[in-house]
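Chain by chain, the residues run as shown.
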Number of protein chains: 2
Amino acid sequence: MKVEAVDAFYLAMPDIEDIGDGSQDMLLIRVRADGLTGWGECEASPLVSIASLVCPMSHGACRPVLDSVIGQPLNEPADIHRIVTQVRARSADLLQADHALSGVEIALWDLLGRKEHAPIHELLGFARPFPKTAYASVLFGETAQETLNKAKQIRGEGFNAAKFGWGSFGRGSVREDEQQVEAAREGLGDDATLLIDAGTVWHDDVEAAIARLDVLKECGVAWLEEPFVSSALRAYRDLAALASPVLLAGGEGSHNHLMAENMIDHAGLGVVQIDAGRVGGIGDSFLVARYADGKGVQFVNHTFTSHLALSASLQGYAGLETHALAEYPVESRPLARDLTDGRITVDEGGHLTVPTAPGLGVTPRIDVIQQYMRDVEIKVSGKLLYRTPDPLG
Amino acid sequence: MKVEAVDAFYLAMPDIEDIGDGSQDMLLIRVRADGLTGWGECEASPLVSIASLVCPMSHGACRPVLDSVIGQPLNEPADIHRIVTQVRARSADLLQADHALSGVEIALWDLLGRKEHAPIHELLGFARPFPKTAYASVLFGETAQETLNKAKQIRGEGFNAAKFGWGSFGRGSVREDEQQVEAAREGLGDDATLLIDAGTVWHDDVEAAIARLDVLKECGVAWLEEPFVSSALRAYRDLAALASPVLLAGGEGSHNHLMAENMIDHAGLGVVQIDAGRVGGIGDSFLVARYADGKGVQFVNHTFTSHLALSASLQGYAGLETHALAEYPVESRPLARDLTDGRITVDEGGHLTVPTAPGLGVTPRIDVIQQYMRDVEIKVSGKLLYRTPDPLG
């Protein structure tokens, strides 16, 4: 079969809050071939990603993403790899391309899985998926008391691991950060895994991060996530040398597998975190997982949005038994929470199981798409390049 | 003063050819403050970059670029650094942001230079600019004969250095590539500097690059540029170990100074090439130049478009005497060739001098903008987010 159509839907909550909650909007991608439909999600700015799908060509290595997708053969996993390689060569100078490509690639896998009646992890060659320990992923409370309450609630819901991040962490005094981390530990209890996410707040300022190491060690924090931006390899490496036993985690900013591998090689990472909706798709996340496994670095998904995105980010390491943690969003907005028919649930022991139904194993609901859809229209020189398609069409 | 307005103009040739010629379109940025105007150019997809300037916020770290620019104080270089830092923090998850920011940042420098009646290199702290040996930068001919003719013509025009790149190089047989390189050397003569640009054609395939090393050595090629994509640090390093005396050059794909510094640290580069219109602007290119200088790596501009872009990319290393080469576009399309009042010329000895007039020292012509302007209109939920502004407005 051949890729016949790729459609993009910009979905958003009615009001977007100025906080680190990435579940407030999404770009959903629909791919069609031979009567079948596949879905994917970009963890990216919807409007900018749409523009990168349809923009006019600038030159031979700066073309719209869809130029390298529409009409392409799609019969086996190698075809997806070929399409990805082609997008990257022909859109090499189009920076946003990797983010838009990610959703397209996921949708191609979903479609192929539905055609083959196989889950994507099976198409990747995994004999079986292993259950993962879900860690509840939340923002810090506005106060330490609020963080304490969140932690208690998470523990009460059966989670044995939790991550707190963003909010004011790293922006105020060291003492305020200490109180936040102490509150998280107190609320979770001593026997749960506690993770802290600094959300790149210190850019590449190693001293600012060092000032918070003591409390992380005292509170038994398993990893400190994204103290710095992904490119700050030197800063990561310098901090890693001082942070033990706290591991450094990062990688979600990678927009191809090589960038993540560079972090594994040169940033002293203990944990690499990959979002299939940003890194170029499931194929790239699978490559990073394999590379991390070979280097003794823990692989974990990055997911803060829907269960479609969650399934996509789990596929690439579903069959790696020793990479046993998984990020699990627990305070998503209604858009992300309600998007899919089928959800990935956490059992009483705090574990999740990667779906075994064909493709991603979950499907977007058309009524939810209709409810949150934003109409977009892009014209260049009077020519309509993009208008939001009909979700029923 | 404060940044009052930022306008973006999408300019393009009437017909865009599917070749590696980046001079076929551009995104021009105009910044206004206190009755003054500054101009910058993004080496990037115009439509996608415009979208990143004005897109709706997705969350706190995925905002439109202009949110962090409009209304900001602009009185000294530190203000530009602060604006850049703010864009990167608040648009961290917006991949295209660095490309759009680049043109904005350049325009802020241009405006500040005009206010201070000083060239940008002076604002950067350079005591004086040093002349650079211009290398004529062209695409390979379609045949070896055509490349031979181009090389002869370049030499006849007084250039003592030239770079040939893209076209079919690396895509066909090793013998065909050998013939191309031999033709370039023959046309230039033995005493000129010959550089070869592979345009990332081998992605990260070291063997494909190794197969071309012999001819590069035999023809005295000074550097092989971009055998691989910027992220392929391992491939670069492995090739560098075999390439001597041919240096490896790369870095134009870097979209912040840290990425380029990582290439210097881990890719075995002999030459780092930075486009101010992509790396985040003149400030980031200055940081890379300083870093390269400290590491014994040669810094050189990347420029294939207008003399506005050329001036911007020269500023960051204008005062570094030992970094003495400069890329000089010689077969630009009329849009890029005619854009500016004032051009950077090459003297009889094959040298260029960085402008010493205020700001960038060259200014876009309004009639050229009018001639090549493409009208763009972007609407979300019925609201007009962007419409091409009046260049006379």
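The shown structure was predicted, so the numbers you read here are calculated from the model rather than taken from an experiment.

Visitor: Please clarify how the overall build of chain A should be interpreted in this entry.
Guide: Looking only at helices and strands, chain A features 14 helices and 16 strands. In terms of C-alpha radius of gyration, chain A reaches 20 Å, essentially the compact-globule figure of 21 Å for 393 residues. In terms of overall dimensions, chain A has C-alpha extents of about 55 × 45 × 45 Å along its principal axes. Taken across its 393 residues, chain A has 62% of its residues classed as buried.

Visitor: I keep staring at unusual backbone geometry and nothing clicks. Help me out?
Guide: Comment: phi is negative for the bulk of residues other than glycine, and the bulk of peptide bonds are trans. The omega torsion of the bond from Ser 244 of chain A to Pro 245 of chain A falls at 10 degrees, within 30 degrees of zero and hence cis. Take Pro 245 of chain A: it is sitting in the loop between helix 9 (233-243) and strand 8 (247-250). A positive phi angle, close to 60 degrees, is found at Thr 200 of chain B, a residue other than glycine. Considering the arrangement of structural elements, one finds Thr 200 of chain B in the loop between strand 6 (193-197) and helix 7 (206-210). Positive phi, close to 45 degrees, is recorded for Glu 226 of chain B, a residue that is not glycine.

Visitor: Could you clarify how one ought to interpret the interface of chain B and chain A in this entry?
Guide: Many descriptions give the size of an interface as the accessible area lost when the pieces come together. Across the boundary between the two partners, chain B contributes 48 residues, which contact 48 residues of chain A. Every element with two or more residues in the side of chain B that touches chain A is listed here: helix 1 (46-54), helix 3 (97-116), helix 10 (257-266) and strand 15 (376-380) of chain B. Ranked by residues supplied to the side of chain B that touches chain A, first place goes to strand 15 of chain B with 5 residues. Judged from the 5 bridges that link them, strand 15 (residues 376-380) of chain A and strand 15 of chain B form a sheet pairing that is antiparallel. Across the sheet, the residue bridging to Val 376 of chain A is Val 380 of chain B, located in strand 15 of chain B.

Visitor: Where do I start with the relation of the copies chain B and chain A in this structure?
Guide: The relation between the two copies of this chain is a rotation about an axis and a shift parallel to it. Mapping chain B onto chain A leaves a residual RMSD of 0.0 Å; the transformation is a rotation of 180 degrees accompanied by 0.0 Å of translation along its axis. Both copies of the chain, as the preceding transformation shows, are related through a two-fold rotation axis. When the interface residues of chain B are mapped onto chain A, 100% of them again fall at the interface, so both copies present the same face.

Visitor: Before we go on, may I ask you to explain the sheet that holds strand 3 (residues 36-42) of chain B in this structure?
Guide: Strand pairing within a sheet occurs via backbone hydrogen bonds; the two strands may be parallel or antiparallel. Residues and elements named next belong to chain B. One open sheet holds the 3 strands; their spatial order is 1-2-3, and the pairing between them is antiparallel. Both outer strands of the open sheet, strand 1 (5-12) and strand 3, are each paired with one neighbouring strand and no more. Here the average twist between neighbouring strands, direction ignored, is 20 degrees. Sheet analysis places strand 2 (residues 25-33) next to strand 3, joined by 7 bridges and oriented antiparallel. Note on strand 3: the bridge partner recorded for Leu 28 is Glu 41.

Visitor: Teacher, can you tell me more about the sheet that holds strand 2 (residues 25-33) of chain A here?
Guide: Residues and elements named next belong to chain A. A sheet is described by the order of its strands in space; here 3 strands give the open sequence 1-2-3, paired in antiparallel fashion. Lying at the two open borders of the sheet, with one neighbouring strand each, are strand 1 (5-12) and strand 3 (36-42). Between one strand and the next, the sheet's axes are offset by a mean angle of 20 degrees, whatever the strand orientation.

Visitor: Just checking my understanding: could you explain the nonpolar core for this structure?
Guide: Soluble, globular proteins show a tendency: their nonpolar side chains are buried together. If you look at the biggest cluster of nonpolar residues, it comprises 278 residues, and the most contacted ones within it are Ala 162 and Val 272 of chain A together with Ala 162 and Val 272 of chain B. Setting aside chain neighbours within four positions, we find Val 272 of chain B in contact with Gly 251, Ala 260, Met 263, Ile 264, Val 288, Ala 292, Val 297 and Phe 299 of chain B.

Visitor: Please clarify how the pairing of strand 6 of chain B should be interpreted in this entry.
Guide: When a strand is regular, its side chains alternate between the sheet's two faces. All names here are of chain B. The buried fraction of strand 6 amounts to 4 of the 5 residues, a majority that puts the element mostly inside the structure. The pairing of strand 5 (residues 161-165) with strand 6 spans 5 bridges and is parallel. If you follow Ala 161 over to strand 6, its bridge partner there is Thr 193. With helix 6 (residues 174-188) bridging strand 5 and its parallel neighbour strand 6, the resulting β-α-β unit is right-handed. Note: strand 6 against strand 7 (residues 221-225), 4 bridges, orientation parallel. Note that in strand 7 the partner of Leu 195 across the bridge is Trp 223.

Visitor: Honestly, the domain arrangement of chain A in this entry has me stumped. Any pointers?
Guide: Residues and elements named next belong to chain A. Examined at the domain level, chain A breaks down into domain 1 (5-118 + 365-387) and domain 2 (123-364). Relative to domain 2, the C-alpha centre of domain 1 lies at a distance of 25 Å. At the junction of the two partners, domain 1 supplies 41 residues and domain 2 supplies 35 residues. Taken together, the elements giving at least two residues each to the side of domain 1 that touches domain 2 come down to strand 2, strand 3, helix 2 (77-90), helix 3 (97-116) and helix 14 (366-372). Of the residues contributing to the side of domain 1 that touches domain 2, the split by class is 20 nonpolar, 12 polar and 9 charged.

Visitor: Help me understand the pairing of strand 1 of chain A in this model?
Guide: Residues and elements named next belong to chain A. Along strand 1, 6 of the 8 residues are buried, which leaves the element largely enclosed by surrounding structure. Pairing analysis gives 8 bridges linking strand 1 to strand 2, with the strands arranged antiparallel. Opposite Ala 12, over in strand 2, you have Asp 25 as the bridge partner.

Visitor: Looking at this structure, how should I read the packing of helix 10 of chain B against helix 11 (residues 282-295) of chain B?
Guide: Geometrically, a packed helix pair is captured by the angle between its two axes and the distance between the axes. Residue and element names in this part refer to chain B. Where helix 10 meets helix 11, the axes come as close as 9 Å, and the angle between the chain directions of the two elements is 20 degrees. Here helix 10 lies roughly parallel to helix 11, going by the angle between them. Crossing of helix 10 over helix 11 shows right-handed handedness. For the pair helix 10 and helix 11, contact is made by His 257, Ala 260, Glu 261 and Ile 264 and by Asp 284, Leu 287, Val 288, Tyr 291, Ala 292 and Lys 295, respectively. The residue makeup of the contact of helix 10 with helix 11, split by class, is 6 nonpolar, 1 polar and 3 charged.

Visitor: It is not clear to me how the environment of Gly 165 of chain B should be interpreted in this structure. Could you clarify?
Guide: Residue and element names in this part refer to chain B. Its place among the elements puts Gly 165 in strand 5. Along the primary structure Gly 165 and Ile 196 are separated by 31 residues, whereas in three dimensions their C-alpha atoms are 5.7 Å apart. Beyond its immediate sequence surroundings of up to four residues, Gly 165 is in contact with Leu 139, Phe 140, Ile 196, Asp 197, Gly 199 and Glu 225.

Visitor: Looking at this structure, how should I read helix 9 of chain A?
Guide: Helical geometry note: an α-helix holds 3.6 residues per turn, so side chains three or four residues apart project in the same direction. Listing the buried residues of helix 9 of chain A in full gives Leu 233, Ala 235, Tyr 236, Leu 239 and Ala 243 of chain A. Within helix 9 of chain A, the buried residues cover an arc of 155 degrees as seen down the axis, which keeps them to one side. In helix 9 of chain A, the exposed positions angled more than 90 degrees off the buried face are occupied by Ala 241 and Leu 242 of chain A. Of the surrounding secondary structure, the elements contacted by the buried residues of helix 9 of chain A are helix 7 (206-210), helix 8 (213-218), strand 7 (221-225), strand 8 and helix 10 (257-266) of chain A together with helix 10 of chain B.

Visitor: Sorry if this is basic, but what is going on with the packing of helix 5 (residues 144-156) of chain A against helix 6 (residues 174-188) of chain A here?
Guide: All names here are of chain A. At a minimum axis separation of 7 Å, helix 5 and helix 6 run at an interaxial angle of 25 degrees. By the angle between their axes, helix 5 is roughly parallel relative to helix 6. Where helix 5 crosses over helix 6, the two elements pack in a sense that is right-handed. In this structure, helix 5 uses Ala 144, Gln 145, Thr 147, Leu 148, Asn 149, Lys 150, Ala 151, Lys 152 and Arg 155 to contact helix 6, whose residues at the interface are Gln 179, Gln 180, Ala 183, Ala 184, Glu 186, Gly 187 and Leu 188. Residue composition of the contact of helix 5 with helix 6, grouped by class: 6 nonpolar, 6 polar and 4 charged.

Visitor: Just to check I follow, could you spell out the environment of Gly 103 of chain B for this structure?
Guide: Residue and element names in this part refer to chain B. Inspection of the secondary structure assignment puts Gly 103 in helix 3. The class for Gly 103 is buried, based on 34 C-beta atoms found within 10 Å. Counting along the chain gives 76 residues from Gly 103 to Leu 27, while the straight-line C-alpha distance between them is 7.8 Å. Once residues lying within four places of it in the same chain are set aside, the contact partners of Gly 103 are Leu 27, Ile 29, Gly 40, Glu 41, Cys 42 and Gly 277.

Visitor: What should I look at first to understand helix 6 of chain B in this one?
Guide: Residue and element names in this part refer to chain B. Here helix 6 spans 21 Å end to end across 15 residues, near enough to the 21 Å set by a 1.5 Å rise per residue. Here helix 6 has its buried residues at Asp 177, Gln 180, Val 181, Ala 183, Ala 184, Arg 185, Gly 187 and Leu 188. Tucked inside the fold, the buried residues of helix 6 contact helix 5 (144-156), strand 5, strand 6, helix 8 (213-218) and strand 7.

Cut-offs applied
- Residues numbered from 1 in each chain as written.
- Chains lettered and ligands numbered in written order.
- Predicted model: local features only at pLDDT ≥ 70, side-chain atom pairs only at ≥ 80, totals over all residues.
- Helix = DSSP H or I, 4+ residues; strand = E, 2+ residues; numbered from the N terminus.
- Rg over C-alpha atoms; globule rule 2.2 N^0.38 Å.
- Buried ≥ 20, exposed ≤ 12 C-beta atoms within 10 Å, placed from the backbone.
- Contact = placed C-beta atoms within 7 Å.
- Pairing = 2+ DSSP bridges.
- Least-squares fit on C-alpha atoms with pLDDT ≥ 70 in both.
- Axes fitted to C-alpha atoms, helices over the stretch in contact; angles between N-to-C directions.
- Core = buried A, V, L, I, M, F, W, Y, C linked by C-beta atoms within 7 Å.
- Right-handed = clockwise from strand over helix to strand, strands pointing away.
- Domains from an automatic or database assignment.
- Nonpolar A, V, L, I, M, F, W, Y, C, P; charged D, E, K, R; others polar.
- Parallel < 35°, antiparallel > 145°, perpendicular 65-115°, else oblique.
- Left-handed = near helix turned anticlockwise from the far one by under 90°.
- Arc of directions from axis to C-beta.
- Expected span 1.5 Å × (residues − 1).

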